[in-house]
Amino acid sequence: MGKLNHQFLDKVEKLYNIKTENLDQDFMLKLASVTGVNAKIIEQVVAKIKLYNYSALQPTRTDINEHYINLKKIIK
């Protein structure tokens, strides 16, 4: 899932000109503002990115599919 998250963050930087080094509250608010996507979805996506990029936890296929769907809501 790391590659998927990396590609997503690259697209966020390119499409919306938002830096992705710090996936903090400011980042989430900016992303929600420019995309029009509900802040709750943005928070879920960022939480999953942090969880799967910084832990040994392996997502299930269902988790991956749900995450992918949420990423697609943001990158249109």
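Look up a bit, the structure's there.
Everything numeric in this text was worked out from a predicted model, so none of it was measured. All chains use their own residue numbering, which begins from 1 and follows the written sequence. With the structure being a predicted model, the display of local features is reserved for residues of pLDDT at least 70 and the display and counting of side-chain atom pairs for 80 or more, all residues being used for whole-chain, interface and lining totals. The side-chain values count all of the structure's non-hydrogen atoms but skip hydrogen atoms and water molecules.

Undergrad: Is there a simple way to think about helix α3 (residues 39-53) in this case?
TA: Owing to its 3.6 residues per turn, the α-helix aligns residues three or four sequence positions apart on the same side. Numbered from the N terminus, helices here are DSSP runs of H or I no shorter than four residues, and strands are runs of E no shorter than two. An expected span of 1.5 Å times one less than the residue number is assigned to each helix. Relative to the 21 Å expected for 15 residues at 1.5 Å per residue, α3 spans 21 Å between its end C-alpha atoms, a close match to the ideal helical length. Burial status follows relative accessibility: with a 1.4 Å probe on protein chains alone, a residue under 20% of its type maximum counts as buried, one over 50% as exposed, and anything between as partly exposed. The complete set of buried residues in α3 reads I41, I42, V45, V46, I49 and Y52. Each buried residue of α3 sits inside an arc of 145° when the element is viewed along its axis, so together they form one side. Against the buried residues of α3 lie α1 (2-16), α2 (25-35) and α4 (61-74). Counted as a polar contact is a pair of N or O atoms within 3.5 Å, where, for protein atoms, one must be capable of donating a hydrogen and the other of accepting one, and residues adjacent in sequence contribute only when both atoms are in side chains. Taking the backbone nitrogen of K40 as reference, a side-chain oxygen 2.6 Å away marks N38 as the first, capping residue of α3. Note: the arc covers the axis-to-C-beta directions of the helix. Note on definitions: a residue-residue contact is assigned when non-hydrogen atoms from the two residues lie within 4.5 Å.

Undergrad: Mind showing me how you'd approach the layout of surface pockets here?
TA: It is a probe the size of a water molecule, rolled over the atoms, that shows where empty space is left. Points on a 1 Å grid over protein atoms alone make up a cavity when a 1.4 Å probe fits among them but cannot get out, and a pocket when they form an open set with protein on both sides within 12 Å along at least five of seven lines; lining residues each have an atom within 4 Å of a point. Grid points are joined across faces, edges and corners, and a volume is the space filled by probe spheres set on the points. One number sums up the size of the largest pocket: a volume of about 150 Å³. Lining the largest pocket we find L4, Q7, F8, K11, Y68, L71, K72 and I75. Put simply, the parts of the chain that give the lining of the largest pocket at least two residues each are α1 and α4. Counting residues per element, the lining of the largest pocket draws most heavily on α1, which supplies four residues. Partitioned by chemical class, the residues of the lining of the largest pocket number five nonpolar, one polar and two charged. Throughout this entry, Asp, Glu, Lys and Arg are counted as charged residues, while Ala, Val, Leu, Ile, Met, Phe, Trp, Tyr, Cys and Pro are counted as nonpolar. The remaining residues, Gly among them, count as polar.

The analysis is restricted to geometry; functional conclusions fall outside its scope.
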